[in-house]
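# Descriptive analysis of the structure
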Amino acid sequence: MASILEDALTRPAVLAPVILIIGYVLYQLFRPSGLPDIPIVGARPGEWFPLLRATLRNTKDMKSATEVAYDLYRDQTVLLPIAGAHTFVQLPASQLQWLVDQPDSSLSLNDQVLDSLQLDHTVMDPQLIHKPVHHKLISTILTRETGNLVPALLEETQFSVDHLWGTDTENWSELCVYDVMRHIIGQVTNRVFVGLPLCRNKDLLDAGIAYAQDIPMSSTALRFIWKPLRPLAAPFITIPNRIHTSRFYSIIRPEVEKRLRDYDARRADPETKAVDKEPNDFLQWSVNQAKTSGDPYLARVDTLSGRILLLNFASTHTSSFAMTHVILDLAASNPEYFDELRAEITTVLAEHGGGWNKRAIAAMPKLDSVLRESQRLNSFVSLATNRIVVRKGGIDTPDGVHIPRGAVVCAPSYPVFHDPAVYPSPHEFKPFRFAEKRAVDQTTEKGEKDSSYVQRARLAFATTSPEYLAFGHGRHACPGRFFAASELKLMLAYIIMNYDFEMQQKRPENFWFGMNRIPPMKATVRVRRRKEGV
């Protein structure tokens, strides 16, 4: 054995790579990090290679790492190293508002997302990311049109839930919550993205769901590879991404081509425009935006197809997780909560003529509170408002810590959601926690009741704050959260009104995947269609 090893090491073809690997490992262990000299979460006093060893400990137990960073260093800036991610510079929660108020020229969310999801490799057309014109449509037209889209959302919710949850009023059925809800979310959301009948195309939905899984999986694998080698490894790691992108494009292309032809026909013949009304969905908004921009790239069929695919990625996981969590929370809670929710929904619908609309959805504080509380208890994010320092020369925090260019800055999220000083009984699911707060009389200094919309909205599901970061915070908070909140409330209300749940003794536990908390993917509930549903 020794002779074989000796013979191998005398060959330049073998020796050179070995020397390079050893050299790289030693360089990584001993090179100056450039990071500030502040406490390292997970490191122990006097140990060698504290950053490396803390990285291993934190990655193994992310929950404890975030709690230690928050509890032991509550008012300090600390280093929080995570394998496959970064050595985060975590600011104390008291500095979160300062963090989100910094200009993009100093702290960049876009650059952080590009790096975290390795989008230059995991998205087959990176220009879609570098020209994110769809963001404007989300924050403007989608938000504005949410009320007009309620009838379509309701129709698709009824169709998909009835199909996947069943209509048997006599027998109980067992459902895998996450698996069923991600298909319902995909179908209902694509009703707004591409309309009928494409939103019910199973192959399109399956490709979109698969792609939504491909990006986090492939980006995680790429982050563990030395950066100079990622362009070589990416074509192999992202094979599933390319397969599912190709499948999605092949299905949606004919519809995109038709929309482009119809757009040109309407502009060429005003009478046709008056007769043939444009679809009110995201694909049509994107076509209109592309055509009026004058940029040929934006009006390409594959560009428009790619934007819809990206929207599927952005919406599928977050909304599916949210619905899975809230269903599991309710199924393991008090059956009286269902009665209270049904009473509220019935009363509000009667007050609005028996029909669903944006005003009716907004007038259900208990329904809203259930979703907000479930997200507080089960939020996907453990660290919030992540930003990369892009300012030349770095930045200085309010407590005087200098952070170099290229470092990633963040604030705590998970431990804030579970801080008893912020949320009493933080580990308990209290579905009406926020509804009860909203019900408390808001008074002015004169003692007069102030029930303004602004006061009530501060505790609404889609509202962010330094203590509630499920959607981020500041000007870069999730732009689609108002649409998502309406969609999820409508969907949850329909399920509650039309299905009984067999109550569970204990809620299945979430698990950690790297830095993120994931619902139990295989958890099931038993449900039965209600005879008196709506």
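Our structure is the block above this text.
The paragraphs below set out a description of the structure included in this document. (Residues numbered from 1 in each chain as written. Predicted model: local features only at pLDDT ≥ 70, side-chain atom pairs only at ≥ 80, totals over all residues. Heavy atoms only, no water.)

## As for the overall build of the protein chain
Quick reminder of the rule: Strands are runs of DSSP state E lasting at least two residues, helices are runs of H or I lasting at least four, and both sets are numbered from the N terminus onward. Residues are treated as being in contact if the distance between any of their heavy atoms lies within 4.5 Å. To be clear on the numbers: accessible area is Shrake-Rupley with a 1.4 Å probe, and residue cover counts the displayed protein chains and nothing else.
Along the backbone of the protein chain there are 23 helices and 12 strands. Taking the intrachain contacts of the protein chain between residues at least 6 apart in sequence as the baseline, contacts between residues at least 24 apart amount to 73%. Total accessible area on the protein chain is roughly 25,400 Å²; 57% of this is exposed by carbon and sulfur atoms.

## So, the pattern of salt bridges
Should the charged atoms of two oppositely charged side chains come close, the side chains can pair. Applied cut-off: Salt bridges are defined as contacts in which a side-chain nitrogen from Lys or Arg sits within 4 Å of a carboxyl oxygen from Asp or Glu. Whether a residue is buried, partly exposed or exposed follows from its accessible area with a 1.4 Å probe, protein chains only, as a fraction of its type maximum: under 20%, in between, or over 50%, in that order.
Within the structure shown, the criterion is met by 31 salt bridges. Ionic pairing is found between glutamate 278 and arginine 266, a salt bridge with its closest N-O pair at 3.5 Å. Residue glutamate 278 is located in the loop between helix H14 (270-275) and helix H15 (282-293), and its partner arginine 266 is located in helix H13 (residues 239-268); the two are separated by 12 residues in the primary sequence. Between arginine 342 and aspartate 500 there is a salt bridge; the shortest N-O distance is 3.5 Å. Placement of arginine 342 in helix H17 (residues 335-351) and of aspartate 500 in strand S9 (residues 499-501) is noted, with a sequence separation of 158 residues between them. Assessed through its relative accessible area of 23%, aspartate 500 is described here as partly exposed. Each of Glu155, Glu156, Arg191 and Arg200 takes part in a single network of salt bridges with overlapping partners.

## Structural notes on the environment of serine 64
Counting through the fold element by element, serine 64 comes out in helix H4 (residues 62-71). Given the relative accessible area of 30%, serine 64 is considered partly exposed. Measuring from C-alpha to C-alpha, the distance between serine 64 and glycine 42 comes to 9.1 Å, with 22 residues separating the pair along the chain.

## Focus: the sheet that holds strand S3 (residues 107-108)
This is how the line gets drawn: The pairing criterion is simple: DSSP has to find at least two bridges between the two strands. Note on geometry: axes are C-alpha line fits, over the in-contact stretch for helices, and angles between N-to-C directions span 0 to 180 degrees.
Spatially, the 5 strands line up as an open sheet ordered S1-S2-S8-S5-S3, and their pairing is mixed. Strands at the two margins of the open sheet, each flanked by one partner only, are strand S1 (78-81) and S3. Sheet topology note: the strand S5 (residues 383-389)/strand S8 (residues 408-412) ladder contains 4 bridges and is antiparallel. Bridged to arginine 387 within S8 is valine 409. Each of S1 and strand S2 (87-90) touches helix H3 (residues 50-60); the most contacted strand, S1, lies at about 65 degrees to it. Contacts from H4 reach S1, S2, S5 and S8, with the element oriented near 175 degrees to S1.

## What about the packing of aromatic side chains?
For clarity, the cut-off: Between the rings of Phe, Tyr and Trp (Trp by its six-membered ring), a pair exists once the centres lie within 6.5 Å; its type follows the angle of the planes, with under 30 degrees stacked, over 60 edge-to-face, and the other angles tilted. When the NZ atom of lysine or the CZ atom of arginine is within 6 Å of a ring's centre and also within 35 degrees of its normal, the charge is said to sit over that ring.
Taken as a whole, this structure holds 15 aromatic pairs when the rule is applied. Look at phenylalanine 321 and phenylalanine 380: their rings are 5.6 Å apart centre to centre, the planes differ by 35 degrees, and that puts the pair in the tilted class. With phenylalanine 321 in helix H16 (residues 301-331) and phenylalanine 380 in the loop between helix H19 (365-378) and S5, this residue pair connects regions lying 59 residues apart in the sequence. Taking the centre distance of 6.1 Å and the plane angle of 75 degrees together, the rings of tyrosine 423 and phenylalanine 434 count as edge-to-face. Of this pair, tyrosine 423 sits in the loop between helix H20 (414-417) and helix H21 (433-439) while phenylalanine 434 sits in helix H21; the two residues are 11 residues apart in sequence, bridging distant segments of the chain. Exposure class is identical for tyrosine 423 and phenylalanine 434. Each is buried. An aromatic cluster is present here, built from Trp165, Phe338, Tyr499 and Phe501 joined pairwise through their rings. Its end group placed over the ring of phenylalanine 434, arginine 372 keeps NZ or CZ at 4.8 Å from the ring centre.

## Side note on the environment of lysine 506
As for its placement among the helices and strands, lysine 506 is situated in the loop between S9 and strand S10 (511-513). Given a relative accessible area of 59%, lysine 506 falls into the exposed group. A sequence separation of 173 residues divides lysine 506 from serine 333, and the C-alpha atoms of the two residues are 8.4 Å apart.

## With respect to H17
Note the following rule: To estimate how far a helix should extend, the number of its residues minus one is multiplied by 1.5 Å. It is the directions from the helix axis to the C-beta atoms whose arc is reported. Polar contacts, as counted here, are pairs of nitrogen or oxygen atoms within 3.5 Å of one another; within protein the pair requires one atom able to donate a hydrogen and one able to accept it, and residues that are adjacent in sequence qualify only if both atoms are side-chain atoms.
In this model H17 runs 25 Å from its N-terminal to its C-terminal C-alpha over 17 residues, within 8% of the 24 Å that 1.5 Å per residue would give. Those residues of H17 that sit buried are Phe338, Leu341, Arg342, Glu344, Ile345, Val348 and Leu349. Looking straight down H17, one finds that the buried residues subtend no more than 165 degrees of arc, so they occupy a single side. Turned more than 90 degrees away from the buried face of H17 sit Glu336, Ala350 and Glu351, all of them exposed. Where H17 is buried, its residues meet H16, helix H18 (358-362), H19, helix H23 (481-498) and S9. The N-terminus of H17 is capped by asparagine 334, whose side-chain oxygen sits 2.9 Å from the backbone nitrogen of glutamate 336.

## Re the packing of helix H11 (residues 202-223) against helix H12 (residues 230-237)
Threshold: Angle categories: roughly parallel below 35 degrees, roughly antiparallel above 145, roughly perpendicular from 65 to 115, and oblique for all the rest. Should the near helix be turned counterclockwise from the far one by less than a right angle, the crossing is left-handed, whereas a clockwise turn marks it as right-handed. Each residue is assigned to one class: nonpolar for Ala, Val, Leu, Ile, Met, Phe, Trp, Tyr, Cys and Pro, charged for Asp, Glu, Lys and Arg, and polar for all the others, Gly among them.
Two elements in contact, H11 and H12, have axes separated by 10 Å at closest approach and are oriented at 150 degrees. Looking at the two axes, H11 sits roughly antiparallel to H12. In the crossing of H11 with H12, the sense of the turn from one axis to the other is right-handed. Between H11 and H12, the contacting residues are Ser218, Ala221, Leu222 and Arg223 on the first element and Arg230, Ala234 and Ile237 on the second. Of the residues belonging to the contact of H11 with H12, the class tally is 4 nonpolar, 1 polar and 2 charged.

## Points about the side chain of threonine 316
Relative to the assigned elements, threonine 316 resides in helix H16. Of the residues examined, threonine 316 reaches a relative accessible area of 3% and is grouped as buried. Every residue in contact with threonine 316, bar those within four places of it in the chain, is listed here: Ile185, Ile209 and Ala212.

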